[in-house]
Amino acid sequence: MKAVVLVGGEGTRLRPLTETIPKPLIPLVDRPFLEHVLDHLAAHGVGEALLSSPYLEEVFASFLQARHDGPRVTWITEPTPLGTAGAVANAAREIGEPFLVLNGDILTDLDLTGLVALHREAGAIATIALALVEDARPYGLVTVSEAGRVLEFREKPQQAIPGLVNAGTYVLEPEAVRDVPPEGAVSIEREVFPALIDSGASVHGYVSQDYWKDLGTPESYLRATFDALEGRVKGLSYAAPYVDSTARVSLRCHLGRWVVVGPAARIGDDAEVEDSVLLAGAVIGEGARVRDSIVGPSATIGRGAVLSGAVLAEGAVIPSGTSADGARVAAGKVLGA
Ligand code: GDD
Ligand code: MG
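Residues numbered from 1 in each chain as written. Chains lettered and ligands numbered in written order. Predicted model: local features only at pLDDT ≥ 70, side-chain atom pairs only at ≥ 80, totals over all residues. Heavy atoms only, no water.

Q: Can you walk me through the nonpolar core in this structure?
A: As a rule of thumb, soluble globular proteins bury nonpolar side chains together. Leu28, Leu34, Leu41, Leu100, Leu107 and Tyr221 are the most contacted members of the largest nonpolar core, which totals 57 residues. Counting residues per element, this core draws most heavily on helix 6 (residues 218–229), at 6 residues. A domain-level breakdown of this core finds at least three residues from each of domain 1 (2–229) and domain 2 (242–329). When sequence neighbours within four positions are dropped, the list of residues in contact with Leu28 reads Phe33, His36, Leu107, Leu215, Tyr221, Ala224, Thr225, Ala228, Leu236 and Tyr238. Core analysis: the second largest hydrophobic core is formed by 34 residues, Ala87, Ala92, Val142 and Val186 among them. (Core = buried A, V, L, I, M, F, W, Y, C linked by side-chain atoms within 4.5 Å. Buried < 20%, exposed > 50% of the residue type's maximum accessible area, 1.4 Å probe, protein only. Helix = DSSP H or I, 4+ residues; strand = E, 2+ residues; numbered from the N terminus. Domains from an automatic or database assignment. Contact = heavy atoms within 4.5 Å.)

As structure tokens, then:
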């Protein structure tokens, strides 16, 4: 089977980190997030993944050159954003059989084999994996009949209501995206699914209790990382805190349980790090305190600085002695400069 992995969003909510690293290539614990997605596909026997992105294509190219494990990856150039349906339709043009579609920013141990089996049994044109949430606003709210047929799909509802939402994984028949025009941005959530449902086509829901999290915001990215450290995601098992073997960490610093220290990162004496991810080459100065933050590759936090809820892009600098809550520092920039 083949899978289209959607990796071409701008990653707006994870800026400024995503200005230089596409969201799917931000590491989750020990490897770029997309590795986890591709490994999950391989574990369910997917032989080929089709990917496209109008952003940072060259960064994806180096990632793909370095990866040798299955599935085989076919890269498709997407010169201007086609939206979720446009990207799927563009990739699917050559696929003459049912295929999987995955949002590329979701950590899940979803049973893809079970999803495909249900799709076949139901004889559906589209089968959507669903998850139960308390507040549907960031998602696509889906209503299903008792028999599992999707009756309504409402992207980003305005009210904070609990319910079943689109978990960002589908099985589609090629006809599902046949009418998507080859140019211009089209949304699968706002246009294609509602139109299929209105036309009376059989769209099915697949409810599961499997682990599922969208990594689109700093909070949800950190949460997914901590869940992986806690062993809540099938197939992933790590020590907590997770410290890469090439990191240099003072014996006199304090690391909380929910901390990831990436390759070649350094942490000085008496520093304290809690509930945070330090990406490759990040430097935490002596006595600095970091909490609820994502510290980008080679970003530096000066001595005695106090940081919480921050997202620092590659090479960002927090000067010594600074206190910052919720800081966002762009690549190579110095906070306050
Ligand atoms: N190739 C390509 N081109 N990919 C795109 C484009 C595009 O123009 N626009 C978005 N994507 C990719 C993103 O990279 C992401 O992997 C996926 O499509 C979904 O986009 P997001 O921007 O992450 O959407 P969302 O998180 O607000 O909502 C989506 O995911 C929810 C589940 O987490 C929707 O599918 C919701 O219905 C769903 O509930
Ligand atoms: Mg998302």
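Q: Is there a simple way to explain the layout of surface pockets in this structure?
A: Regions of empty space are outlined by a rolling probe, equal in size to a water molecule, passed over the atoms. Looking at the largest pocket, its volume works out to about 900 Å³. If you trace the largest pocket, you find 36 residues lining it, with Gly9, Arg13, Lys23, Thr84 and Glu189 closest to the centre. Sorting the residues of the lining of the largest pocket by element identifies helix 3 (83–92), strand 11 (163–172), helix 5 (188–198) and strand 13 (212–214) as the ones contributing at least two each. Among the elements that make up the lining of the largest pocket, the one with the highest residue count is helix 3 (3 residues). Taken together, the residues that form the lining of the largest pocket break down as 12 nonpolar, 14 polar and 10 charged. Taken as a whole, the second largest pocket encloses approximately 340 Å³ of empty space. Looking at the second largest pocket, it is lined by 21 residues, and the ones nearest its centre are Leu25, Pro27, Pro32, Leu279 and Ala280. When contributions to the lining of the second largest pocket are tallied by element, the ones reaching two or more residues are strand 3 (31–32), helix 2 (57–66) and strand 17 (259–261). Taken together, the residues that form the lining of the second largest pocket break down as 15 nonpolar, 2 polar and 4 charged. Residues lining the lining of the second largest pocket come from more than one domain, with at least three contributed by each of domain 1 (2–229) and domain 2 (242–329). (1 Å grid on protein atoms, 1.4 Å probe; cavity = no way out; pocket = protein on both sides within 12 Å on 5 of 7 lines; lining within 4 Å. Points joined across faces, edges and corners; volume = space filled by probe spheres on them. Nonpolar A, V, L, I, M, F, W, Y, C, P; charged D, E, K, R; others polar.)

Q: Would you take a moment to explain unusual backbone geometry for this structure?
A: It is generally the case that most residues other than glycine have a negative phi and that most peptide bonds are trans. Note the cis peptide between Arg15 and Pro16, where omega equals 5°. Relative to the helices and strands, Pro16 resides in the loop between strand 1 (2–6) and strand 2 (27–28). Cis geometry is adopted by the peptide bond preceding Pro71, which originates at Gly70 and carries an omega value of -5°. Here Pro71 is to be found in the loop between helix 2 and strand 5 (72–77). The backbone phi angle of Val29 is positive, close to 60°, even though this residue is not glycine. Summarising the element assignment, Val29 is placed in the loop between strand 2 and strand 3. Even without being glycine, Asp275 reaches a positive phi, approximately 45°. Mapped onto the fold, Asp275 is located in the loop between strand 19 (272–274) and strand 20 (276–278).

Q: Looking at this structure, how should I read empty space enclosed by the protein?
A: One pass over the structure, following the stated rule, counts 2 cavities of 30 Å³ or more. If you add up the space inside the largest cavity, you get close to 60 Å³. Lining the largest cavity are Thr108, Leu110, Ala129, Leu130, Ala131, Ala167, Thr169, Ser208, Asp210, Tyr211 and Trp212. Taken together, the elements giving at least two residues each to the lining of the largest cavity come down to strand 8 (126–133) and strand 11. Here the lining of the largest cavity is composed, by residue class, of 7 nonpolar, 3 polar and 1 charged. In terms of lining residues, the second largest cavity is bounded by Val4, Val5, Leu6, Val7, Leu50, Leu51, Ser52, Ile76, Ala87 and Ala91. Secondary-structure elements contributing two or more residues to the lining of the second largest cavity are strand 1, strand 4 (48–53) and helix 3. Looking at the lining of the second largest cavity, its residues break down into 9 nonpolar, 1 polar and no charged.

Q: What should I look at first to understand the pattern of salt bridges in this one?
A: Pairing is possible between side chains that carry opposite charge, provided their charged atoms lie close to one another. All told, the structure shown has 19 salt bridges when counted by the stated rule. With a closest N to O distance of 2.6 Å, Arg137 and Asp135 form a salt bridge. For Asp135, a relative accessible area of 25% puts it in the partly exposed group. One salt bridge in this structure joins Asp227 and Arg223, with 3.2 Å as the shortest N-O distance. Within this pair, Asp227 and its partner Arg223 are both found in helix 6, separated by 4 residues, close to a single helical turn. (Salt bridge = Lys/Arg side-chain N within 4 Å of Asp/Glu carboxyl O.)

Any functional reading would require information that these geometric values do not contain.
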